[in-house]
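Now for the letters of each chain:
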Number of protein chains: 2
Amino acid sequence: MTRTPLADRLEPVPLADVAIDDAFWNDRLETNREVTLEHQYDQLGERSLENFRRVRDGETSGFQGMWFEDSDTYKWLEAASYVLATHDDPELKERVDEVIDLVAAAQEENGYLNTYFTLEEPENRWTNLNMMHELYCAGHLFEAAVAHHRATGEDSLLDVATAFADHIDDVFGTGEDDLDGVPGHEGIELALVKLYRVTSEERYRDLAQYFVDRRGRENSRLEWETTHPDETGGDVPPDIFLEDGEWDGSYAQAHKPIREQETVEGHSVRAMYLYSGVADLVAETGEGELYETLETLWSNMTTKRMYLTGGIGPESAHEGFTVDYDLRNRTAYAETCAAIGSVFWNHRMFQLTGEARFYDVLERALYNGVLAGVSLDGTEFFYENPLESLGHHHRKGWFQCACCPPNVARLFASLGEYVYAQGPEDDVYVNLYVGGEADIDVDGEDVTLTQETDYPWGESTTVGVETDAPIETTLHVRVPEWCEDVAVSLNGEALDVDPDAGYVSVDREWTGGDSLTLDFALPVKRMVAHPNVPDDADRVAFQRGPLVYCVEETDLDVAPSHLRIDPEADVETRAAADLLDGVHTIEGDARAVTNDEWGDDLYREYGETAGEETEATVTAIPYYGWDNREEGRMRVWLPTD
Amino acid sequence: MTRTPLADRLEPVPLADVAIDDAFWNDRLETNREVTLEHQYDQLGERSLENFRRVRDGETSGFQGMWFEDSDTYKWLEAASYVLATHDDPELKERVDEVIDLVAAAQEENGYLNTYFTLEEPENRWTNLNMMHELYCAGHLFEAAVAHHRATGEDSLLDVATAFADHIDDVFGTGEDDLDGVPGHEGIELALVKLYRVTSEERYRDLAQYFVDRRGRENSRLEWETTHPDETGGDVPPDIFLEDGEWDGSYAQAHKPIREQETVEGHSVRAMYLYSGVADLVAETGEGELYETLETLWSNMTTKRMYLTGGIGPESAHEGFTVDYDLRNRTAYAETCAAIGSVFWNHRMFQLTGEARFYDVLERALYNGVLAGVSLDGTEFFYENPLESLGHHHRKGWFQCACCPPNVARLFASLGEYVYAQGPEDDVYVNLYVGGEADIDVDGEDVTLTQETDYPWGESTTVGVETDAPIETTLHVRVPEWCEDVAVSLNGEALDVDPDAGYVSVDREWTGGDSLTLDFALPVKRMVAHPNVPDDADRVAFQRGPLVYCVEETDLDVAPSHLRIDPEADVETRAAADLLDGVHTIEGDARAVTNDEWGDDLYREYGETAGEETEATVTAIPYYGWDNREEGRMRVWLPTD
């Protein structure tokens, strides 16, 4: 079933060709465009844009914010460009052009572009690859430039990007006069492949390959820097690369060559960006060994190091992975950006293979780990996404290190690109249930795919085909991993399908008006974790469709930690239109361990006061909606009774 | 029952008058003297002592290590002085004198003494009270000086301390020309009271009172520093005092005046040192309001924020307290120094009140949270003391921030001071079961108390009285909180006692050869936590006597997380002389959830693969002994079946 990468690479239906009109997503995407992006632009003005202005005006000091602040502007530009690809918005276009002018004006003659170093330490460029993030910022510039070019056809930002990419290509390499190093924070690899795909300039692809191939080699530049702190620029010494005083590159996946890596390690956003770039290279080169590495890493992550919410990276100290089955709940880091990174990586893994399992992981992350990252009103953000809270973890308006909000914004603004794909023989994939339509080309014929759905709440989705001439193709409609029972009908006639196949694939001649309807069973599932996960032992979590549920104190008559669930007890779902912008809740009987008699003792001998079990009710809401009401305790995994 | 503080203050029987000869402690204390202290001295040579040498030699740069590195030398001097108080060791004495000479040579003419500022930023003294720890280091100097003076009668280090204390007293205060500030890291308060007690110089006590009283006031110097980073010296900006960009002094208990504080907050070592200093002031001044504050804080800590091991402070990011009932196990911070700080504080609370409950907490911390901090061979140390491990948490030989190892060393070296106490009417307290003898004075009569015990393993302890003349006094022998059944006999005659009274108190005329024998029942207890503690729900922990137990993977036939315990099942204790320098293990039948059929899925629907329960055995070892054998998983709290 595994296809040979390269030969069969699939392509997303481009963002500009997908129109979303969906009950679940419309409000979120509108809020993203109208509120979140605006909010982010306001934040840029005081810090990131100010840095570009200072460079433009020839100042030589006064840098504001984090040393990689430039990336915030680039991420905003990328998100805004996605909006321009799908929405006519002259005001936004003008603002984007102004920001691009600022960015272009801050570029040095040789192509170098980084306001921190230009303002503060021009002599120290490229001296602290571990921590100072020049290549990481460059990557975000390239991604913004590609998005802008694709949305507008214009080259204003693309010219800035290619000039900087050319400069980087001059500086880095294995030649005698080259700097032989790789980024401490990955991201430029995937960005260079994007740049290559738009410009057809093979040097960019080769530079990405260089960064991937040189990573994790012995006696690397990254290692050298940690032992030569006096020769590294910037404020941030690379101490986090030291373990007991010795070099340990695992923080940035540089502990060994990528082809020898078997477990996902280190800073999880860096890991996702690296693996995404590697997948892009595999798509270009078809290298089997790299592909097998990705499969090994993916298997490790998805079977041992991923939360039920699709979140990854439990440890806050290094924002990353630890060991197999360490899935701590209340102190989970599970950075929003890492879940987004998982979306990026899984999107690419699907494109390499056409396999639905990657979209299963993508969807889990999207509807849970990512969606929880932003408040319903679009103005507050989680950096960390624990699966349990004692009531003191809340979204914030912005962060000192503001990577998550603009990352959410750019993903949401490009959501259309994740819905449909086409294979090399023009066969068509419907991967996410998001209402709207997509314009595609099948054998030279203009076809419109329509999708009507009330996913993730309702049970029915209809995919329609509008075409003037009949077309011969295969339509693959994804059947999610969580679905065990689906009724499929073609123009009203029942089809016999295997829900475990990943896709309902219908190969036929399609004429205008044809439609495929899928009716999912959407039961409430009580999920359990692998017995090796200590933190979820004897616990269940509710899931319905792609949505993981949690309980919030405000909906309960007891503290969440006092609830005990009978996994076999009946529960009901209830459509609550006024709750959290409209959700379906899960409700049922439960038990509670009460403690009226306990008193103050923190510890007692067993049996002294047998905890009394009383009747209680449980109301669960989708995890993505938590912390949008009054402060209170929350948990996803509930002890069984 | 609560005594009026001040009037009834109790005094420890001084260290020099207590000789320890105890099966449990002898090896630990010898290792502390012979190995740990030596190991620490070696470490000092490369960093802390080098700084003193550089100042002595007139250098003006080259500071080594953390900015508060001086405190390591002071803590070593303090610990070494305790050894000198109890052991004749001319070599050590010579080494101590050499180090004191170095310290004295680094002191400036006006009394100021801090090698970081003298070497690196002489112009920036006292400009960053939040983070640069000048007052904290001074406190450790004072403690070392008092210990040295008490051990040797010499003034060589005491003169250095008083000169610096006088300088600090000149600099700080509320007068017009004074710097009105308090330390970001407490410790000097208790040290100043020690200095006052040795010198009778009331200014030192008053300066401690000033630091306590000014703490947490509005518009403080600490707050001012956070908004004037350009005017603060040192490398470490006080960012940790900011919450969302706003001042929040809770990290250092400076969020409100101490008399208004009701919960233990912030960095837990700082908190313990502050409360210890406050208790010392209460002992001197008898202030009721401050005493009530301590009772409130103690109640909050011991009923809502303390691990079963006596560890405190669950959160690593700020090394401290969070919220009530947040007692995360695997990611517990529970710094060794914080447990030691709890020993310091509870020791003082006992001295104020004569109440056994403070020794119950002290003993819990000492035998578990503290003792686990050092390896059996005395050369490796835990900074963090989680109650569960996936096998990747290990002691280390030293730390970049090396506060814990010397703190363990000074506590162990002064253990004798924690065993006995005397009340104002010469009544005598036996607070810890540690074999040996103590020379005390009762109404002018020289008396020797002897103690024979095989605590914490065995059930019998005998306290003997040796005196030439009969003495009329009350002997109070502590009955630990964990003990519910104790048989007490006086010279072989049974006494009727209430095990819940805290002490067996026998008021009589004692003659030489009298003895009081206590036979404790030492059953294995299955402890449970308050139902509000989410992480311990449906779990039990074994405890026997003062020792909390854990399971280590190496002793089990299944992974620790697969074990299920029947809290009512029988278990046995077994003396294992060859195991971990000799421990009693707890052994019994258990169940295990096996997962042979599970496969790779990380998550599944409940019921798909019912976890099968199989028979297993459980072997538990004392928590203090974990991570002294091969690497493996560990846990204290075990799920019930």
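Please read all numbers here as calculations on a predicted model, not as lab measurements.

Turning to the overall build of chain A, a few remarks are in order. Looking only at helices and strands, chain A has 15 helices and 25 strands in total. In summary, chain A has a C-alpha radius of gyration of 25 Å against a globular reference of 26 Å for 641 residues, a match within 12%. Its C-alpha atoms put chain A at 75 × 75 × 45 Å along the principal axes. Expressed as a percentage of its 641 residues, the buried residues of chain A come to 65%. Sequence separation of at least 24 residues holds for 71% of the intrachain contacts in chain A that already meet a minimum separation of 6. Per element, the accessible surface of chain A, about 22,400 Å² overall, is 39% carbon and sulfur. Once the 47 positive and 135 negative side-chain charges of chain A are each reduced to a mean point, those two points are 3 Å apart.

Time to look at the relation of the copies chain B and chain A. Once chain B is rotated about the relating axis by 180° and shifted along it by 0.0 Å, it coincides with chain A to within an RMSD of 0.0 Å. On the angle and the small slide along the axis, the relation comes out as a two-fold axis. A high fraction, 100%, of the interface residues of chain B reappear at the interface in chain A, so the copies pair face to face through one surface.

Another aspect to go through is the packing of aromatic side chains. Any two aromatic rings considered together are summarised by their centre-to-centre distance and by the angle between their planes. Inspection of every chain in the model, using the stated rule, returns 72 aromatic pairs over all chains. Judged by centre distance (5.6 Å) and plane angle (80°), the rings of W25 of chain A and F412 of chain A are edge-to-face. Of this pair, W25 of chain A sits in helix α1 (residues 25–46) while F412 of chain A is found in helix α15 (residues 404–413), placing the two residues 387 residues apart along the sequence. Plain terms: the ring middles of Y112 of chain B and W126 of chain B are 5.4 Å apart, the flat faces sit at 90° to each other, and that makes the pair edge-to-face. Of this pair, Y112 of chain B sits in the loop between α4 (90–105) and α5 (115–120) while W126 of chain B sits in the loop between α5 and α6 (134–152), and the two are 14 residues apart along the sequence. As far as burial versus exposure is concerned, Y112 of chain B and W126 of chain B are alike and both buried. Aromatic ring contacts, followed pair by pair, group F24, W25, Y367, F412, Y433, Y455, W457, W482, F520 and Y624 of chain A into a single cluster. In this structure, R508 of chain B is placed above the aromatic ring of W510 of chain B, and the distance from its NZ or CZ to the ring centre is 5.0 Å.

Sizing a probe to match a water molecule and rolling it over the atoms shows the empty space that remains. Applying the stated criterion across every chain, the model contains 14 cavities of 30 Å³ or more. One number sums up the size of the largest cavity: a volume of about 200 Å³. Along the wall of the largest cavity there are 16 residues; nearest its centre are R328, N329 and D535 of chain A together with N329 and D535 of chain B. Grouping the constituent residues of the lining of the largest cavity by class yields one nonpolar, four polar and eleven charged.

Moving on, we get to the packing of helix α2 (residues 48–56) of chain A against helix α3 (residues 70–86) of chain A. Residues and elements named next belong to chain A. As a packed pair, α2 and α3 sit with axes 7 Å apart at the nearest point and diverge in direction by 110°. Comparing the axis directions of α2 and α3 gives the class roughly perpendicular. Counting all contacts with α2, which are made through S48, L49 and F52, the residues of α3 involved are D70, D72, T73 and Y74.

On the side of chain A, 59 residues touch chain B, which itself brings 59 residues to the contact. Counting each side, the surface lost to burial between chain B and chain A is near 4,700 Å², with a carbon and sulfur contribution of 55%. Put simply, chain B and chain A have nine salt bridges between them. Between D535 of chain B and R330 of chain A there is a salt bridge, with its nearest N and O atoms 2.6 Å apart. Seen at the junction of chain B and chain A, the total is 23 residue pairs in polar contact (both at pLDDT 80 or more). At the level of secondary structure, the elements contributing two or more residues to the side of chain B that touches chain A comprise α12 (288–304), β16 (524–529), β17 (539–544) and β22 (603–605) of chain B. The element contributing the most residues to the side of chain B that touches chain A is β16 of chain B, with six residues. With three bridges connecting them, strand β16 (residues 524–529) of chain A and β22 of chain B associate as antiparallel partners. Within β22 of chain B, the residue paired with V528 of chain A across the bridge is R604 of chain B.

Before going further, it helps to spend a moment on helix α8 (residues 188–199) of chain A. Residue and element names in this part refer to chain A. Given a rise of 1.5 Å per residue, twelve residues ought to cover 16 Å, and the 16 Å separating the end C-alpha atoms of α8 matches this to within 8%. Of all twelve residues in α8, nine are buried; the element is thus mostly enclosed. Looking only at α8, the buried set comprises I188, E189, L190, A191, L192, V193, K194, L195 and Y196. On its buried face, α8 is in contact with α3, α6 (134–152), α7 (156–171), α9 (202–214), α11 (268–285) and α13 (336–353). Looking one or two residues past α8, S200 carries a phi angle of roughly 60°, positive in sign.

All names here are of chain A. With respect to the secondary-structure elements, P622 resides in strand β23 (residues 612–622). Owing to a relative accessible area of 0%, P622 belongs among the buried residues under this scheme. Between the alpha carbons of P622 and E34 there is a distance of 24 Å; along the sequence they are 588 residues apart. The residues touching P622, leaving out its near neighbours within four places in the chain, are W457, L547, V548, Y549, C550, V583 and H584.

Among the nonpolar cores identified, the biggest contains 219 residues, and F142 and I168 of chain A are the most heavily contacted of them. Here this core gets eleven residues from one element, more than from any other, and that element is α11 of chain A. Residues in contact with I168 of chain A, not counting those within four places in the same chain, are W126, L135, A138, F142, I188, L207 and F211 of chain A. Among the nonpolar cores identified, the runner-up in size contains 218 residues, and I168, L294, L522 and Y549 of chain B belong to it.

This next bit is on the sheet that holds strand β6 (residues 420–422) of chain A. All names here are of chain A. On the basis of which strands lie adjacent, the open sheet formed by five strands has the order β1-β6-β7-β11-β14 and mixed pairing. At either end of the open sheet lies a strand with only one pairing partner, and these are β1 (11–12) and β14 (503–510). The sheet contact formed by β6 and strand β7 (residues 428–430) spans three bridges and is antiparallel. Residue pairing in the sheet places Y420 in a bridge with V430 of β7.

Residue and element names in this part refer to chain A. Bridge count for strand β20 (residues 571–576) against strand β21 (residues 583–594) is six bridges, and the pairing is antiparallel. Across the sheet, the residue bridging to V571 is G588, located in β21. Between the antiparallel neighbours β20 and β21 lie six residues, among them L580 with a positive phi of about 50°.

Turning to α3 of chain A, a few remarks are in order. Here α3 of chain A contains 17 residues, and its C-alpha end-to-end distance of 25 Å stays within 8% of the 24 Å for a straight helix at 1.5 Å per residue. A large share of α3 of chain A lies buried, amounting to 16 of its 17 residues.

Residue and element names in this part refer to chain B. Here we have seven strands laid out as an open sheet, ordered β2-β8-β9-β10-β15-β12-β13, and antiparallel in their pairing. Taken across any chain shown, the strands that pair with only one partner, and hence form the sheet edges, are β2 (18–20) and β13 (493–495). Across the sheet, the mean angle from the axis of one strand to that of its neighbour is 20°, orientation sign disregarded. Strand direction decides the pairing type here: β2 and strand β8 (residues 436–442), joined by three bridges, are antiparallel. Across the sheet, the residue bridging to A19 is E437, located in β8.

Here chain A averages 94 in pLDDT, and 97% of its residues register 70 or above. In the predicted assembly, ipTM is 0.93 and pTM is 0.93.

Residue and element names in this part refer to chain A. As for its position among the elements, N329 is in the loop between α12 (288–304) and α13. A distance of 2.9 Å separates a polar atom in the side chain of N329 from a polar atom in the side chain of D536. The contacts of N329, once residues within four sequence positions are left out, are Y307, P386, L387, E388, D535, D536, R539 and W637.

The next thing to look at is the pattern of salt bridges. Under the defined criterion, the tally for this structure stands at 103 salt bridges over all chains. For R305 of chain B, the salt bridge identified is with E265 of chain B, shortest N-O distance 3.4 Å. Placement of the pair is R305 of chain B in the loop between α12 and α13 (336–353) and E265 of chain B in the loop between β4 (246–247) and α11 (268–285), with a sequence separation of 40 residues. Each of the two residues, R305 of chain B as well as E265 of chain B, counts as buried. Among the charged side chains, a network of salt bridges with common partners joins E315, D326, R328 and D535 of chain A together with R330, E388 and R635 of chain B.

About the thresholds
Residues numbered from 1 in each chain as written. Chains lettered and ligands numbered in written order. Predicted model: local features only at pLDDT ≥ 70, side-chain atom pairs only at ≥ 80, totals over all residues. Heavy atoms only, no water. Helix = DSSP H or I, 4+ residues; strand = E, 2+ residues; numbered from the N terminus. Rg over C-alpha atoms; globule rule 2.2 N^0.38 Å. Buried < 20%, exposed > 50% of the residue type's maximum accessible area, 1.4 Å probe, protein only. Contact = heavy atoms within 4.5 Å. Areas by Shrake-Rupley, 256 points an atom, 1.4 Å probe, with all protein chains shown as cover. Lys, Arg positive; Asp, Glu negative; His and termini not counted. Charge placed at Lys NZ, Arg CZ, Asp CG, Glu CD. Least-squares fit on C-alpha atoms with pLDDT ≥ 70 in both. Phe/Tyr/Trp six-rings, centres within 6.5 Å; stacked < 30°, edge-to-face > 60°. Lys NZ or Arg CZ within 6 Å of the ring centre and 35° of its normal. 1 Å grid on protein atoms, 1.4 Å probe; cavity = no way out; pocket = protein on both sides within 12 Å on 5 of 7 lines; lining within 4 Å. Points joined across faces, edges and corners; volume = space filled by probe spheres on them. Nonpolar A, V, L, I, M, F, W, Y, C, P; charged D, E, K, R; others polar. Axes fitted to C-alpha atoms, helices over the stretch in contact; angles between N-to-C directions. Parallel < 35°, antiparallel > 145°, perpendicular 65-115°, else oblique. Buried area = accessible area lost by both parts, 1.4 Å probe. Salt bridge = Lys/Arg side-chain N within 4 Å of Asp/Glu carboxyl O. Polar contact = N/O pair within 3.5 Å; in protein donor to acceptor, adjacent residues only side chain to side chain. Pairing = 2+ DSSP bridges. Expected span 1.5 Å × (residues − 1). Core = buried A, V, L, I, M, F, W, Y, C linked by side-chain atoms within 4.5 Å. pLDDT = per-residue confidence, 0-100.

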